[in-house]
Amino acid sequence: MQELDPLPLTESLSSTSSPRTQPRPGIGLCLSGGGYRAMLFHVGAIWRLNEFGYLPKLERISSVSGGSITAGVLGLHWSTLEFDANEVAQNLQKAFVEPLRAFAAKTVDVWAILGGMFGPGTIGDRVARAYRRHLFGASTLQGLPDRPRFVINATNVQSGVLCRFSKPYMWDYRVGQIKEPTIELATAVAASSAFPPILSPVQLEVNAALFSPGTGHDLEFEPYTSKLILTDGGVYDNLGLETVWKEYDTVLVSDAGGLMEAQPKPRTDWILHSVRVLGVIDNQVRSLRKRQVVDSFIKGDRKGTYWGIRTNIDDYQLANALPCPLKQTLALADIPTRLSRLNRVDQERLINWGYAVCDAAMRKHVDSRLPTPFGFPYPASGVGSS
């Protein structure tokens, strides 16, 4: 089915917008950014969705930034998952969890920055190289499954809109579409997670002749079709929401984004001041997206649920939710947005927290008949020390 052209934020998320935005039956999962913090939080959510038998029910998994690392590994290993009669993958830990935990034990961003500054290639090249070495090898987008469709989102700095990487096509609606792209998965994930200004941009040189004629809106010409300058998908859509929202009537959102703290004396040097300004923009876009999607659930315009790393699990008012004191979960939410080594305990606590809050959100707002959990995936770690 031909996808719908992106619309401005207020239209794309509005229930009163054009009939083109009316969804069809299906479930989509959105994975936000947030570095290793998000990557592991989403691991916990997917762990619980698997136990619910929900993974085969998904039509689409849309991701940005740290969420794209999680999605990329899940997509790469999807064909190896061994689903039983209850649609539960019995080997999810080995095929999916263990590779991501091993990767979270490595620092990528510091070495990428130093290598990009003092060695050949760009910082983005170095990040892609790390993904290639430790997670994806030489696999391309053609190694992803047909269903669910994995959509890895980056932001095209030239056109100012999303550049979507998927198995059927790579598409910037203003520039055009390349069908069945053979771009490496490591490169797509690196573009999606090119957090500005440090890890951004990723430059992608392509053959302009590969773009299907007539698929671009107004920028279907060089240099837009020969060299793409890409940055973090979260710059445009930090929940990975848009490509699910316009297609499906049931939306599951896993949000591991951070909270912007007040800063009484913000830095005025151009580097740190730019980081602060980008943080303001990110915080505002995230707030708008979250508000729109939650309001849509309340009004009945969409089915589904939202869970966030800063959610208070007590708000779900479930007597049998896993014990997750707010003070402890907020400490996990404050782990920096980095691709920097996390110790074993922090890894397990992030996974446990994603698992627990996904469980509560799904049982409260999607299906109250879903089974209660036996406990955390890593019981000894919980979600923090008291």
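You'll find the structure just up there.
Definitions and limits used
Residues numbered from 1 in each chain as written. Predicted model: local features only at pLDDT ≥ 70, side-chain atom pairs only at ≥ 80, totals over all residues. Heavy atoms only, no water. Helix = DSSP H or I, 4+ residues; strand = E, 2+ residues; numbered from the N terminus. Contact = heavy atoms within 4.5 Å. Areas by Shrake-Rupley, 256 points an atom, 1.4 Å probe, with all protein chains shown as cover. Expected span 1.5 Å × (residues − 1). Buried < 20%, exposed > 50% of the residue type's maximum accessible area, 1.4 Å probe, protein only. Axes fitted to C-alpha atoms, helices over the stretch in contact; angles between N-to-C directions. Parallel < 35°, antiparallel > 145°, perpendicular 65-115°, else oblique. Left-handed = near helix turned anticlockwise from the far one by under 90°. Nonpolar A, V, L, I, M, F, W, Y, C, P; charged D, E, K, R; others polar. Pairing = 2+ DSSP bridges. Phe/Tyr/Trp six-rings, centres within 6.5 Å; stacked < 30°, edge-to-face > 60°. Lys NZ or Arg CZ within 6 Å of the ring centre and 35° of its normal. Core = buried A, V, L, I, M, F, W, Y, C linked by side-chain atoms within 4.5 Å.

Draft legend 1. Focus on the overall build of the protein. A count of helical and extended segments in the protein gives 11 helices and 10 strands. The contacts of the protein with a sequence gap of at least 6 include a subset with a gap of at least 24, amounting to 76%. Carbon and sulfur atoms make up 54% of the accessible area of the protein, which totals about 16500 Å².

Draft legend 2. Region of the structure containing helix α2 (residues 35–51). With 17 residues, α2 should cover 24 Å at 1.5 Å per step; its first-to-last C-alpha distance of 25 Å lies within 8% of that length. Summarising burial for α2: 16 of the 17 residues are buried, a large majority. Phi turns positive, to about 75 degrees, at Gly53, one or two residues after α2.

Draft legend 3. Structural context of the packing of helix α6 (residues 123–136) against helix α7 (residues 185–192). At a minimum axis separation of 8 Å, α6 and α7 run at an interaxial angle of 130 degrees. Viewed along their axes, α6 and α7 adopt a mutual orientation that is oblique. Relative to α7, α6 is oriented so that their crossing is right-handed. Of the residues in α7, those in contact with Gly124, Val127, Ala128, Tyr131, Arg132 and Phe136 of α6 are Leu185, Ala186, Thr187, Val189 and Ala190. For the contact of α6 with α7, the per-class residue count stands at eight nonpolar, two polar and one charged.

Draft legend 4. A look at the pairing of strand β4 (residues 162–165). By the alternation rule, side chains of β4 split into Leu162 and Arg164 and Cys163 and Phe165, which are all buried. Between strand β3 (residues 149–156) and β4, which pair antiparallel in sequence order, lie five residues; one of them, Gly160, sits at a positive phi of approximately 80 degrees. As judged from the two bridges shared by β4 and strand β5 (residues 169–172), these two strands associate in the antiparallel manner. Bridged to Phe165 within β5 is Met170. Between β4 and the antiparallel strand that follows it, β5, lie three residues.

Draft legend 5. Inspection of the packing of aromatic side chains at higher detail. The tally for this structure, following the rule as stated, stands at eight aromatic pairs. For the pair Trp78 and Phe150, a centre-to-centre distance of 6.1 Å together with 70 degrees between the ring planes defines the contact as edge-to-face. Remark: Phe150 occurs in strand β3 and Trp78 occurs in the loop between α3 (66–76) and α4 (92–104); sequence separation between them is 72 residues. With respect to class, Trp78 is no different from Phe150; both count as buried. Arranged with centres 5.3 Å apart and planes meeting at 85 degrees, the rings of Phe221 and Tyr224 form a pair that is edge-to-face. In this structure Phe221 comes out as partly exposed when scored by relative accessible area, which is 42%. With relative accessibility at 22%, the residue Tyr224 sits in the partly exposed group. Ring pairing ties together the aromatic residues Tyr36, Phe103, Tyr131 and Phe136, which thus form one cluster. In this arrangement the basic side chain of Arg101 is found over the ring face of Tyr378, its NZ or CZ atom lying 5.0 Å from the centre.

Draft legend 6. Highlighting the environment of Lys364. For Lys364, the location among the structural elements is in helix α11 (residues 344–365). Along the chain, Lys364 and Tyr316 lie 48 residues apart, while their C-alpha atoms are 6.5 Å from each other. Residue contacts for Lys364: discarding those within four places in its chain leaves Tyr316, Gln317 and Leu318.

Draft legend 7. Broad picture of unusual backbone geometry. Here the amide bond leading from Arg147 into Pro148 is cis, since omega sits at 0 degrees, within 30 degrees of zero. Among the structural elements, Pro148 can be located in the loop between α6 and β3. The omega angle of the peptide bond from Glu222 to Pro223 is 10 degrees, so this bond is cis rather than trans. Tracing the sequence through the fold places Pro223 in the loop between β7 (202–205) and β8 (227–232). Positive phi values are uncommon outside glycine, yet Ser65 reaches one of about 55 degrees. Counting through the fold element by element, Ser65 comes out in the loop between β2 (58–64) and α3.

Draft legend 8. Up close: the pairing of β8. Across three bridges, the pairing between β3 and β8 is antiparallel. The partner of Ala154 across the bridge, within β8, is Asp232. When β7 meets β8, the two strands line up antiparallel, connected through four bridges. By the bridge assignment, Leu204 is partnered in β8 with Leu228.

Draft legend 9. Molecular detail of the nonpolar core. With 95 residues, the main nonpolar core has Tyr131, Phe165, Trp307 and Trp353 as its most contacted residues. Discounting residues that sit within four places of it in the chain, Tyr131 has contacts with Ile69, Phe103, Phe136, Gly137, Ala186, Val189, Ala190, Ser193 and Leu339. Residues Cys30, Leu241, Val244 and Trp245 belong to the second largest nonpolar core, which totals 10 residues.

Draft legend 10. Up close: the packing of α2 against α11. At a minimum axis distance of 7 Å, the contact between α2 and α11 shows a crossing angle of 45 degrees. The pairing of α2 with α11 is recorded here as oblique in orientation. For the pair α2 and α11, the crossing hand works out as right-handed. Only Gln347, Leu350, Ile351, Trp353, Gly354, Tyr355, Val357, Cys358, Asp359 and Met362 of α11 make contact with α2, whose side of the interface consists of Arg37, Leu40, Phe41, Val43, Gly44, Ala45, Trp47, Arg48, Leu49 and Glu51.

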